[in-house]
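Okay, here's what each chain looks like letter by letter:
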Amino acid sequence: SRFTAVILLSEEVFQQGWLIDAWVTAPEDPFAQSRAGFDMQIAALENYDIREQIKAIQAPTLVMSSPDDILVPPRCQDEIHSLIPNSEMKRYPGGHVFMLLPMYHAQFMEDVFAFWSKP
């Protein structure tokens, strides 16, 4: 949990003692990724480049990102947004899993539903 928190959460979140305590003392994830699974995921991502394919996306697309994300840094988020025709970008504090953090979850859901409701 401690390792995952460092990778998935922003530095700002570490100022929320109650949240870190809850993260670290939460019950073990029954679907937790194994070390072998993690290694396979890294190997798969090392040579995976979908930039040419995403240029062909025609569906309305909302790119949701966080400037605090260290797994998908802002420069990569911006590139994804720039390559998808007519996409919209929304940024949230909190890191890679900002949508799971209680203080950002409601806004995330509101934005998703608003985007889906557009004609």
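Residues numbered from 1 in each chain as written. Predicted model: local features only at pLDDT ≥ 70, side-chain atom pairs only at ≥ 80, totals over all residues. Heavy atoms only, no water.

*Asks:* I'd like to hear about the environment of Q58, residue by residue, with values.
*Replies:* Inspection of the secondary structure assignment puts Q58 in the loop between α4 (51-54) and β1 (62-65). Taking relative accessible area as the criterion, Q58 reaches 67% and is therefore assigned exposed. Sequence separation between Q58 and N86 is 28 residues, and the spatial gap between their C-alpha atoms is 8.3 Å. (Helix = DSSP H or I, 4+ residues; strand = E, 2+ residues; numbered from the N terminus. Buried < 20%, exposed > 50% of the residue type's maximum accessible area, 1.4 Å probe, protein only.)

*Asks:* Could you give me a rundown of the side chain of S87, with the residues and numbers involved?
*Replies:* Here S87 shows up in the loop between α5 (74-83) and β2 (88-91). Among the polar contacts made by the side chain of S87, one reaches the main-chain carbonyl oxygen of I84 at a distance of 3.1 Å. Every residue in contact with S87, bar those within four places of it in the chain, is listed here: T61, V63 and H81. (Polar contact = N/O pair within 3.5 Å; in protein donor to acceptor, adjacent residues only side chain to side chain. Contact = heavy atoms within 4.5 Å.)

*Asks:* Let's hear about the packing of aromatic side chains: which residues, and what values?
*Replies:* Note on aromatic pairs: each is described by the distance of the centres and the angle between the planes. According to the stated counting rule, one finds four aromatic pairs in the structure shown. With a centroid separation of 5.8 Å and 75° between ring planes, the pair formed by F98 and F108 is classed as edge-to-face. On the criterion of sequence distance, the pair formed by F98 in the loop between β2 and α6 (102-117) and F108 in helix α6 is long-range, its members being ten residues apart. On the accessibility criterion, F108 (14% relative accessible area) is buried. On the basis of an interplanar angle of 70° and a centroid distance of 5.7 Å, the ring pair of F113 and W116 is categorised as edge-to-face. Of this pair, F113 and W116 both sit in helix α6, three residues apart, which is roughly one turn of that helix. Of the residues examined, F113 reaches a relative accessible area of 45% and is grouped as partly exposed. Aromatic ring contacts, followed pair by pair, group Y92, F98 and F108 into a single cluster. (Phe/Tyr/Trp six-rings, centres within 6.5 Å; stacked < 30°, edge-to-face > 60°.)

*Asks:* Which residues make up the side chain of D69, and what are the values?
*Replies:* Tracing the sequence through the fold places D69 in the loop between β1 and α5. R91 is the oppositely charged side chain nearest to the buried, salt-bridge-free D69, at an N-O distance of 9.0 Å. Of note is the side chain of D69, whose polar atom sits 2.9 Å from the backbone nitrogen of V72. Among the polar contacts made by the side chain of D69, one reaches the side chain of H96 at a distance of 2.7 Å. For D69, the contacting residues outside a window of four places in its chain are P74, Q77, G95 and H96. (Lys, Arg positive; Asp, Glu negative; His and termini not counted. Salt bridge = Lys/Arg side-chain N within 4 Å of Asp/Glu carboxyl O.)

*Asks:* Please set out a nonpolar patch on the surface residue by residue, giving values where relevant.
*Replies:* A surface patch of nonpolar side chains, amounting to about 310 Å² of accessible area, comprises L45, Y48 and I50. Within the element layout of this structure, Y48 appears in the loop between α3 (35-46) and α4. According to the relative accessible area criterion, Y48 is exposed, its value standing at 55%. (Patch = residues over 30% accessible without salt bridge, like charges linked within 9 Å, V, L, I, M, F, W, Y side chains within 5 Å. Areas by Shrake-Rupley, 256 points an atom, 1.4 Å probe, with all protein chains shown as cover.)

*Asks:* Tell me about unusual backbone geometry, residues and numbers included.
*Replies:* At N86, a position not held by glycine, the phi torsion is positive, near 60°. Residue placement: N86 occurs in the loop between α5 and β2.

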